[in-house]
Amino acid sequence: MSILVLILAVSAACCLGFGFVLQQNAAQKAPLSDFLSFRLLLDLMRVPRWLGGIGLMVAGMVLGAIALGHGEISLVEPLLATNLLFALALSRHQTKQSLGRQGWAGLALLAGGVTTFILAGQPRGGHAINDPLRHWLIIGVTVGLALLLTTYAKRSRLSWGPVLLALAAGLLYGVQDALTRVSGQRFAAGGLVEVLTGWQPYGVLALGVTGLVLVQSAFETAPLRMSLPALTAAQPLAGILCGVGFLGDRLRTDTGALAWEAAGLAAVVAGIVLLGLHPAMPSGTAEERPVRDLQPR
């Protein structure tokens, strides 16, 4: 694994984690009438803390894009999932909560799972699959699932609606990462003209804005511990699917390696859940809002 990719991906995770906490601090005070509306972004743009969080998130996305340009998405995505460690660090500073057994266990599972997946799978580059049908099938299924989750979260009065929104946003961000890598490859091959004549950069923009609305709506209506774990878990899974599915990423596929890769991903998800549910994660006023307020007005 390239040291440069490691530094870039972990730096991106740091920016993303800090940015998510600052965004949630601001979004929890936004009007509930803005739920799942682009008006939510317009209202939040007047909040300095949110703008700071967005600035950190953009910095994280840029660093992540550079990392994707130098390494396989199946390698970068698990490293980006460590953003939850940095989110917890900032949250601990805000809430003064100690890690305790739950925090240390989540930290060990997340770090150990990422390490296990990378060592077992040994992600490496390959030739992209030139099959448009396969591209659109994987992207369509992933985006379609995100749409289904969003629709159910919007119509449902269940208290875990924000979790569904965060899952949907994570899926979109995973596809966005894959298209970011394709855009980088097109830029390397033919410069800016080659990038702008393809549909991928516009897909990156559309997915980014849509995912941002979903994330801020989830942050607005529920504590960070409900939404961030789902977001953090869904993004690398969707990204790895795209990487292996059509970007040409290669993982070891012998029985032992597959077992360890699955165990590593399971540990990552378990660690994310434990850390996300840690008492140090800010709850904010969203916890006090009745379930019926999760619906748009």
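Just so it is clear, the model here is predicted, and its values are computed rather than measured.

### Focus: the layout of surface pockets
- One number sums up the size of the largest pocket: a volume of about 510 Å³.
- Every residue lining the largest pocket is counted, 25 residues in all, and those nearest its centre are Met57, Val58, Met61, Gln176 and Gly208.
- Mapped by element, the contributors of at least two residues to the lining of the largest pocket are α1 (3-27), α3 (48-70), α8 (161-196) and α9 (200-221).
- Sort the elements by how many residues they give to the lining of the largest pocket and α3 lands first, with 10 residues.
- Residue composition of the lining of the largest pocket, by class: 18 nonpolar, 6 polar and 1 charged.

### Structural notes on the packing of aromatic side chains
- Scanning the entire structure with this criterion turns up 3 aromatic pairs.
- Seen from their ring centres, Phe20 and Phe219 are 6.2 Å apart, and the 75 degrees between their planes marks the pair as edge-to-face. Of the two residues, Phe20 sits in helix α1 while Phe219 sits in helix α9, which places them 199 residues apart along the sequence.
- According to the relative accessible area criterion, Phe20 is buried, its value standing at 4%.

What counts as what
Residues numbered from 1 in each chain as written. Predicted model: local features only at pLDDT ≥ 70, side-chain atom pairs only at ≥ 80, totals over all residues. Heavy atoms only, no water. 1 Å grid on protein atoms, 1.4 Å probe; cavity = no way out; pocket = protein on both sides within 12 Å on 5 of 7 lines; lining within 4 Å. Points joined across faces, edges and corners; volume = space filled by probe spheres on them. Helix = DSSP H or I, 4+ residues; strand = E, 2+ residues; numbered from the N terminus. Nonpolar A, V, L, I, M, F, W, Y, C, P; charged D, E, K, R; others polar. Phe/Tyr/Trp six-rings, centres within 6.5 Å; stacked < 30°, edge-to-face > 60°. Buried < 20%, exposed > 50% of the residue type's maximum accessible area, 1.4 Å probe, protein only.

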